[in-house]
Amino acid sequence: MLARVPHHQFYAFVGRCFVALAIAQYALAVNAATPVPVDTKSPSSKSAPVFETHVRPILKAHCFQCHGEEDELQGGLDLRLVRLMAKGGESGTALVAGKHAESLLFERIASDEMPPGEKKMTPGERDIVKRWIDAGARTLKPEPTAIADVTDEDRQFWSFQPVRAVAPPKVKQTASVLTPVDAFLLAELEKKSLGFSPEAEPAALVRRLYFDLLGLPPTPEQVEAFVHDYAADSKAYEKLVDELLASPHYGERWGRHWLDVAGYADSDGYTPVDTERKFAYRYRDYVIRSFNADKPWNDFIVEQLAGDELVKPPYDALPPAELDKLIATGFLRMGPDGTSDPAADQKLARNDCVAETIKIVSTSLLGLSVGCAQCHNHRYDPVSQVDYYRFRAIFEPAFNVEAWRAPKARLVSTTSAAVKKQIAEVDAEIAKVSAERNAELTKLMDETFELALTKLPKDLHGKLREARAAPVAKQTAEQKKLLKDNPSVNITATGVRQQLGVKYREWETKYTGQLDKLRAKRPEEEFVQALTEVPGKPPVTQLFYRGDHNQPRQAVTPAELTIFDGAPKIAEKDAARPSTGRRLTYARHITDGKHPLTARVLVNRFWLHHFGRGIVASPGDFGTLGDRPTHPELLDWLANDFVAGGWRLKRLHKLMLTSTAYRQSSQRTSQLEAVDPDNLLLGRMSIRRLEAETLRDAVLAVSGKLNQKLFGPPVPVSPDETGQVVIAVDTRDTAGRPTSKKVDLGEEPNRRSIYIQSRRSLPLGMLETFDAPVMTPNCECRASSTVTPQSLLLMNSEFIVLQSTEFAKRLRAAAPEDLPAQLREGARLAFGHAPSESELREAAEFVKAQTAALAPVAKAAAAEQALACYCQALLSANQFLYVD
């Protein structure tokens, strides 16, 4: 631990880092919070509103549930068509075209009598309704004779349209176009008389690439090698991209992105019990392997939605590739599931588990909040309540709430026959040794009993032997009294242990050693947390009135959302298949390359992780309330190219990373700031803060302590004595109180953050402070907050202090007795470049002053601790926390 002594120079030095950090973070947070201008469907004051475009969305959001969608119309009034408003209800006509003051509809809205409840129409919405009535209550076209949940206007919304085939536009600055991506971006920049910024320095580019693709900083040697190659070889940049894409750490970095939207967790959540999921990690490892292998995303999606329908039982003999398909269905087991907690309302918990899974599927793959239609028609998007339950019916055979399987019952054993045989053999040996031990113990207890009898009257010996030999349930009242009156003969194992003392402990250690050796030989049984269907008649899916599972209504059949006309109905069960095939049919449907959302949603997420913001800034919501794309043609071109390129992500990475746009400097200019302060047009590269896991991993990498082991069970977390969640084995007692017991985890605590246990109720303190998401049920897009605890953590965290000490040891080992060389190497490791001469002088002055200040306390270790203080300042600086 670093000695904590007050010293004004140290705090001034570190304080400058934090002031700069706070200012930079705040500026970035303000920029990130600025909304993209979107089409609110609000007509200008000069144009007259029309029903379909301007008024219907307002009434749908506020009024349709009571006046149109439910079986019984409130007041007999239906507001879904203009002619039905004019017809009116129990209170007469609701609409007098041209006269808002005489229209009951507007009267109720203006008085805030309607809609009921706290959520009222905004003044702007009321004004639109008023102007629409006064302009004659116009419609765009004659109204239909029948009411439909999906209108022609709904189908015209941009994200529900087929992906368009577009060609890269022609631009003036052709020399700036390295990939088609550049042409689309440059076309918009040129409209504002702008162009791309100059290319970033080679040292900045290599650091950017390493963090983007691996989530780790480059070593000084890797930076120097690239800078040298870049000057001599025009292909050096592309070679580095290929090298990083081939790294096994690529899958760890990009797998983490997908685990966010999948809602990955090593615990069930839902209730305070938060039961651990011992085998969830196998899905995490599957994801990492899939990214490293560049598995086509159409296969990746199909396996996650229906991998169990691609393989046949028995599962204990599946080859690795087939087993992966089963493991992949862990995607559908990531949602919170409280059904393992007997205290939970089981019927509610089951239905909530299904509902949360539907949210994960729809937001991750469709970019739609389908879950909003669980209780009523979606207020903003063309998703009806019937649509929701048809969608649910696709998954219902595997989530049969009437024949529910608790989480442990869903585990699928993948233990091979050979391993099962080994387990049986070891279990037989354990049983044999245990039987011998028990026989010996019984003998010892008998001997102790006989010894106790010698101290009692002889006339009791026979009666006491009979009483002791009788089963407790069959002991007579006289026998029970006899044993109670003579407690010395009530011999237990504990009593024998106390009486025999050292002799008993020696005897026990013979047997304990044998059993421990045998248990160590016993192979671990292997399980997969998978989703499978139980063969037989599939359950009937029913619509729940107002989403209440206690009020089931009409039955529905599995189908795609109505908005996507022409989609096939989900196939019914095929006798040749053990499952219904519903999920498999749907998975193949959304990955056939024709679905308007799947490829758009995916490429938008990939873009987000390279450029800091999606082309659609709301990656989980491509609906009405979501953001509109800043570059819609580019989004469609990328979606088409992704599909045409075999759904392979590494190819798309290279397309984006080798673009001029990606290689730009992040330097702000007055010209860009005046026209595009939020960098929506990408006239420069955006500066991004390291995510929580990347920050922790980078600290370990720079300190030299990073354990780069791949895959395997998660490293456990537990609250410490102060309640802070740290990496440790949970040794709390049954009441949840901390104990003094410690378990040595070796080098496991220094593994990458993706391998740290992700408990919904116990987020690791270091990660939580820097916005690691809590999966409720998943994370569509990470926040990047700027809060005081982040600065305090960097100054006071035991983890940061420890790694700063290890960092200092690394510097001393690299350059013994050479302080300038140590300081220079520290900056190169942390920032990717050497410090300037003035920075080096300032750092040396700080370390010398700190050494003097620490000497009275730390004595001979003062210089070492002063260097560690310098290392901690480096780990707290903007240049370390941000990638430009």
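Residues numbered from 1 in each chain as written. Predicted model: local features only at pLDDT ≥ 70, side-chain atom pairs only at ≥ 80, totals over all residues. Heavy atoms only, no water.

### With respect to the overall build of the protein
Helix and strand counts for the protein stand at 35 helices and 8 strands. For the protein, the C-alpha atoms occupy an extent of roughly 115 × 80 × 55 Å along the three principal directions. Residues classed as buried in the protein amount to 52% of the 884 residues present. Intrachain contacts of the protein at a sequence separation of at least 6 include 71% that bridge at least 24 residues. Surface summary for the protein: the accessible area is close to 39900 Å², and the carbon and sulfur share equals 55%. Positive and negative side-chain charges of the protein, numbering 113 and 115 respectively, have mean locations separated by a distance of 3 Å. (Helix = DSSP H or I, 4+ residues; strand = E, 2+ residues; numbered from the N terminus. Buried < 20%, exposed > 50% of the residue type's maximum accessible area, 1.4 Å probe, protein only. Contact = heavy atoms within 4.5 Å. Areas by Shrake-Rupley, 256 points an atom, 1.4 Å probe, with all protein chains shown as cover. Lys, Arg positive; Asp, Glu negative; His and termini not counted. Charge placed at Lys NZ, Arg CZ, Asp CG, Glu CD.)

### Comments concerning the nonpolar core
Counting residues in hydrophobic clusters, the biggest one holds 126 residues, and the most contacted among them are Trp 258, Trp 297 and Leu 638. Ranked by residues supplied to this core, first place goes to helix H16 (residues 346-366) with 8 residues. Setting aside its immediate chain neighbours within four residues, Trp 297 contacts Trp 258, Phe 291, Leu 602, Phe 606, Phe 642, Trp 647 and Leu 649. The next biggest cluster of nonpolar side chains, apart from the first, holds 55 residues, and it includes Leu 690, Ile 756, Leu 767 and Phe 880. (Core = buried A, V, L, I, M, F, W, Y, C linked by side-chain atoms within 4.5 Å.)

### Details of the environment of Ala 559
Position of Ala 559 among the secondary structure elements: in the loop between strand E4 (552-556) and helix H23 (582-590). Each C-alpha atom of the pair Ala 559 and Ser 47 lies 40 Å from the other, and the pair is 512 residues apart in sequence.

### As for the confidence of the model for the protein
On average, residues of the protein score 90 in pLDDT, and 93% of them are at 70 or above. Per-residue pLDDT stays below 50 along residues 1-41; that stretch engages in 78 contacts with residues further than four places along the chain or on separate chains. (pLDDT = per-residue confidence, 0-100.)

### What to know about the packing of aromatic side chains
Applying the stated criterion across every chain, the model contains 27 aromatic pairs. A centroid spacing of 5.2 Å and a plane angle of 65° characterise the contact between Trp 297 and Phe 606, whose relative ring orientation is edge-to-face. Of the two residues, Trp 297 sits in helix H14 (residues 297-306) while Phe 606 sits in helix H24 (residues 598-611), which places them 309 residues apart along the sequence. Residue classification places Trp 297 among the buried residues on the basis of a relative accessible area of 3%. We classify Phe 606 as buried; its relative accessible area is 5%. Centroid distance Phe 611 to Tyr 662: 6.0 Å. Interplanar angle 90°. Geometry classified as edge-to-face. Highlighted residues: Phe 611 in helix H24 and Tyr 662 in the loop between helix H26 (649-657) and helix H27 (670-675), separated in sequence by 51 residues. Taken as a pair, Phe 611 and Tyr 662 share a single burial class, namely buried. Through a chain of ring-to-ring contacts, the aromatic side chains of Tyr 250, Trp 258, Tyr 283, Tyr 286, Phe 291, Trp 297, Phe 300, Phe 331, Phe 606, Phe 642 and Trp 647 assemble into a single cluster. Directly above the aromatic system of Tyr 662 lies the positively charged group of Arg 208, at a separation of 5.7 Å from the ring centroid. (Phe/Tyr/Trp six-rings, centres within 6.5 Å; stacked < 30°, edge-to-face > 60°. Lys NZ or Arg CZ within 6 Å of the ring centre and 35° of its normal.)

### Considering the pattern of salt bridges
Two side chains bearing opposite charge may form a pair once their charged atoms approach each other closely. Taken as a whole and judged by the stated rule, the model has 54 salt bridges. Between Glu 188 and Lys 191 there is a salt bridge whose closest N-O contact spans 3.1 Å. Remark: Lys 191 and Glu 188 occur in helix H8 (residues 180-191); sequence separation between them is 3 residues, near one turn of the helix. Look at Glu 188 and you get partly exposed, because its relative accessible area is 24%. What makes Lys 191 exposed here is its relative accessible area of 62%. (Salt bridge = Lys/Arg side-chain N within 4 Å of Asp/Glu carboxyl O.)

### Points about the state of the cysteines
Evaluation of the coordinates by the stated rule reveals 0 disulfides. The closest cysteine sulfur to the non-disulfide-bonded Cys 779 is located on Cys 781, 6.8 Å from its own sulfur. A residue is classified by how much of its surface remains accessible, and Cys 779, at 10% relative accessible area, is buried. What makes Cys 781 partly exposed here is its relative accessible area of 40%. (Disulfide = S-S within 2.5 Å.)

### Here we look at the side chain of Arg 333
Examined against the element boundaries, Arg 333 turns out to sit in the loop between helix H15 (320-328) and H16. Accessibility expressed as a relative area gives 2% for Arg 333, which makes it buried. Setting aside residues up to four positions removed in sequence, Arg 333 forms contacts with Arg 277, Cys 353, Phe 399, Pro 407, Arg 410, Gln 529, Ala 530 and Leu 531.

### Things to note about helix H9 (residues 202-213)
Its 12 residues give H9 an end-to-end C-alpha distance of 16 Å, which sits within 8% of 16 Å, the value for a rise of 1.5 Å per residue. Burial runs high along H9: 11 of the 12 residues are buried. For H9, every residue scored as buried is listed here: Pro 202, Ala 204, Leu 205, Val 206, Arg 207, Arg 208, Leu 209, Tyr 210, Phe 211, Asp 212 and Leu 213. Looking one or two places after H9, you find Gly 215, whose phi comes out positive at around 70°. (Expected span 1.5 Å × (residues − 1).)

### Topic: helix H10 (residues 220-232)
Taking 1.5 Å per residue, 13 residues should reach 18 Å; H10 reaches 19 Å between its end C-alpha atoms and fits that length. On its buried side, H10 packs onto H9, helix H11 (236-245) and helix H32 (819-831).

### A short note on the environment of Arg 828
On the secondary structure map, Arg 828 appears in helix H32. Looking at Arg 828, the relative accessible area reads 16%, which means it is buried. Beyond its immediate stretch of four places on either side in the chain, Arg 828 contacts Pro 220, Glu 224, His 833 and Ala 834.

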